[in-house]
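Remarks on the overall topology
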Amino acid sequence: MRTRHSAQQNTRSRRRLGAILGALLVATTLSACAAGGPGDGGEASGGTSSGWPRTIQTSDGKLTLKKQPKVIVSTSTTLTGSALAVGAPVVASASTSANIDGLSDDQGFFTQWSKEAKAAKVKKLYENASPNIENAVEYAPDLILVSKNSGDSQMDSVAQLRKIAPVLVIDYSGEPWQEVTRTIAEATGREARAKQVIADYEQHLADVKQRIAVPQGTTSALMVFGDGSGAAALTKDSPHVQILQELGFRMAEIPESVKGNTSMGADRKDIVNLSMENIQKGLTGDNWLVVSADKLARESIATNPAFSTAPAVVAGKVQYTPGETFRLDYYSAGVMLDSLAKSYAK
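Definitions and limits used
Residues numbered from 1 in each chain as written. Predicted model: local features only at pLDDT ≥ 70, side-chain atom pairs only at ≥ 80, totals over all residues. Heavy atoms only, no water. Helix = DSSP H or I, 4+ residues; strand = E, 2+ residues; numbered from the N terminus. Buried < 20%, exposed > 50% of the residue type's maximum accessible area, 1.4 Å probe, protein only. Contact = heavy atoms within 4.5 Å. Pairing = 2+ DSSP bridges. Axes fitted to C-alpha atoms, helices over the stretch in contact; angles between N-to-C directions. Phe/Tyr/Trp six-rings, centres within 6.5 Å; stacked < 30°, edge-to-face > 60°. Lys NZ or Arg CZ within 6 Å of the ring centre and 35° of its normal. Salt bridge = Lys/Arg side-chain N within 4 Å of Asp/Glu carboxyl O. Right-handed = clockwise from strand over helix to strand, strands pointing away. Parallel < 35°, antiparallel > 145°, perpendicular 65-115°, else oblique. Nonpolar A, V, L, I, M, F, W, Y, C, P; charged D, E, K, R; others polar.

1. Concerning the overall build of the protein
Scanning the protein from terminus to terminus reveals twelve helices and twelve strands. Across the 346 residues of the protein, 54% fall into the buried class. At a minimum sequence separation of 6, the contacts of the protein that also span at least 24 residues come to 68%.

Here it is in structure tokens:
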């Protein structure tokens, strides 16, 4: 899991932002009003020119947009994938660390949509470990994407970001990726594209459902923490678990006795943080599915007694999904389906 930026970094960002906003206000306004830009041109490029102004229900209240956004900056690496999937005009995005095997490319963008980002010439806004929100000003955006929580959240800086452009806040921790995609599509006038990618995914899921044999008994889904501190049990609100349930997996309950310790925001719905001593208490499934499993995660499952002595592991009832499934969007949901089709083939 990725750590959030420190309060000290936020303070420095606020001060720097305040200092430059006045100087750049004229340039920002002129650029935002300029004609053209990525995604311009209506339905032919995945958008629509009708229905403005419109009001969007966000995870932070209602947002009214006077016109269709033409220049979008994403402060959330996770949300960028859904924006690209509907052809939204993202010009810059926050990133994770670069060149993480099975996770990120040379810019720190997720590998499942790296090709699309390069084709759209998306620039790196900053790295999540050292956020610099005033970088958004130079792109003169007319919409900024913010995740409500998790390691790529900039909720602490929303007030400052709103001085630059309207802010669309989305909580992806408890929403299926499809709903995230629909919200971004509604805010950018790309509903038709959203319907198409979701329909494509649903057909993909139906095909995979016919090709797999769902394991008997219950299944626990988890992510292994890379720092050796434990694991995250994925709840029924997790987008990953929602895919498993759609395929017919029967998910194990997470005991109440291990709940109450969450990661990256107390309001997250998709995970329960498990310390090493609670691994087997919290992951009671007859089968385990380790999501976004890199080499270290696989080694931990095989050699660390907290994992390796669990009944599911001893019985050889453990499967893994690739690193690209760390966060779900249209692209990584397809990667997950292909992985499950291979692991659970009839």
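2. Observations regarding the sheet that holds strand E9 (residues 230–234)
What links the strands of a sheet is backbone hydrogen bonding, and the strands pair in either a parallel or an antiparallel sense. Taken in spatial order, the five strands line up as E10-E9-E8-E11-E12 in an open sheet, and their pairing is mixed. Edge positions in the sheet fall to strand E10 (271–275) and strand E12 (318–320), since each of these pairs with one other strand and no more. Between one strand and the next, the sheet's axes are offset by a mean angle of 30 degrees, whatever the strand orientation. Relative to E12, strand E11 (residues 287–290) runs parallel, the two being bridged by three bridges. Residue pairing across strands places Leu289 opposite Gln319, the latter belonging to E12. Of the strands in this sheet, strand E8 (219–224), E9 and E11 touch helix H7 (residues 239–247), which is tilted by about 150 degrees from E8.

3. Considering the pairing of strand E1 (residues 54–58)
Side chains Arg54, Ile56 and Thr58 project from E1 onto a buried face, and the interleaved Thr55 and Gln57 project onto a face without burial. Across five bridges, E1 lies against strand E2 (residues 61–65) in antiparallel orientation. Pairing of Arg54 across the sheet is with Leu65, part of E2. Connecting E1 to the antiparallel partner E2 that follows it, the hairpin turn spans two residues.

4. What to know about unusual backbone geometry
The amide bond that connects Trp52 to the next residue, Pro53, takes the cis arrangement and shows omega of 0 degrees. Within the secondary structure layout, Pro53 lies in the loop between helix H1 (7–33) and E1. Of note in this structure, Ser150 is not a glycine but carries a positive phi near 85 degrees. Looking at where Ser150 falls in the secondary structure, it is placed in the loop between strand E6 (143–147) and helix H4 (158–161). The phi angle at Ser292 is positive, at roughly 55 degrees, despite the residue not being glycine. Turning to its location among the elements, Ser292 is positioned in the loop between E11 and helix H9 (295–303).

5. Considering the packing of aromatic side chains
Tallied over the entire structure, the rule returns seven aromatic pairs. On the numbers, 5.4 Å between centres and 65 degrees between planes, the contact of Tyr330 with Tyr331 is edge-to-face. Classification of Tyr330 as partly exposed rests on a relative accessible area of 24%. One aromatic cluster is present, formed by Phe109, Phe110, Trp113 and Phe326 through successive ring pairs. One Lys or Arg, Arg54, reaches over the ring of Trp52 and ends 4.0 Å from the middle of that ring.

6. Section: helix H2 (residues 77–85)
Within H2, nine of the nine residues are buried, which leaves the element mostly enclosed by the surrounding structure. Along H2, the residues that are buried comprise Thr77, Thr78, Leu79, Thr80, Gly81, Ser82, Ala83, Leu84 and Ala85. Looking one or two places after H2, you find Gly87, whose phi comes out positive at around 75 degrees.

7. Points about the pattern of salt bridges
Under the counting rule described, the total for this entry stands at seven salt bridges. A salt bridge links Arg54 to Glu191, with the nearest nitrogen and oxygen atoms 2.7 Å apart. Highlighted residues: Arg54 in strand E1 and Glu191 in helix H6 (residues 191–211), separated in sequence by 137 residues. According to the relative accessible area criterion, Arg54 is buried, its value standing at 14%.

8. Some points on the pairing of strand E5 (residues 123–127)
Pairing of strand E4 (residues 90–95) with E5, which is carried by three bridges, proceeds in the parallel orientation. Bridge pairing in E5 places Ser95 opposite Glu127. In the classification by handedness, the crossover that spans E4, the intervening helix H3 (residues 114–119) and the parallel E5 is right-handed.

9. Side note on the sheet that holds E6
Strand order in the open sheet made by the five strands is E5-E4-E3-E6-E7, with parallel pairing throughout. Strand pairing shows two members of the sheet lacking a second neighbour, E5 and strand E7 (167–170), which therefore form its edges. Here the strands of the sheet are splayed against their neighbours by 20 degrees on average, with no regard to which way each runs. Relative to E4, H2 is tilted by about 150 degrees, and along the sheet it contacts strand E3 (72–74), E4, E6 and E7. The sheet strands contacting helix H5 (residues 177–188) are E3, E6 and E7, and the helix crosses E7 at an angle near 165 degrees.

10. A word on the packing of H6 against helix H12 (residues 330–343)
The geometry of H6 relative to H12 is characterised by a closest axis approach of 10 Å and an angle of 10 degrees between their N-to-C directions. When the interaxial angle is binned, H6 and H12 end up roughly parallel. Contact residues: H6 offers Val197, Asp200, Tyr201, His204, Leu205, Val208 and Arg211, while H12 offers Tyr330, Ala333, Gly334, Leu337, Asp338 and Ala341. Tallied by class, the residues present in the contact of H6 with H12 amount to eight nonpolar, two polar and three charged.

11. Quick look at the side chain of Thr181
Relative to the helices and strands, Thr181 resides in helix H5. Once residues lying within four places of it in the same chain are set aside, the contact partners of Thr181 are Ser82, Val86, Ala194 and Val197.

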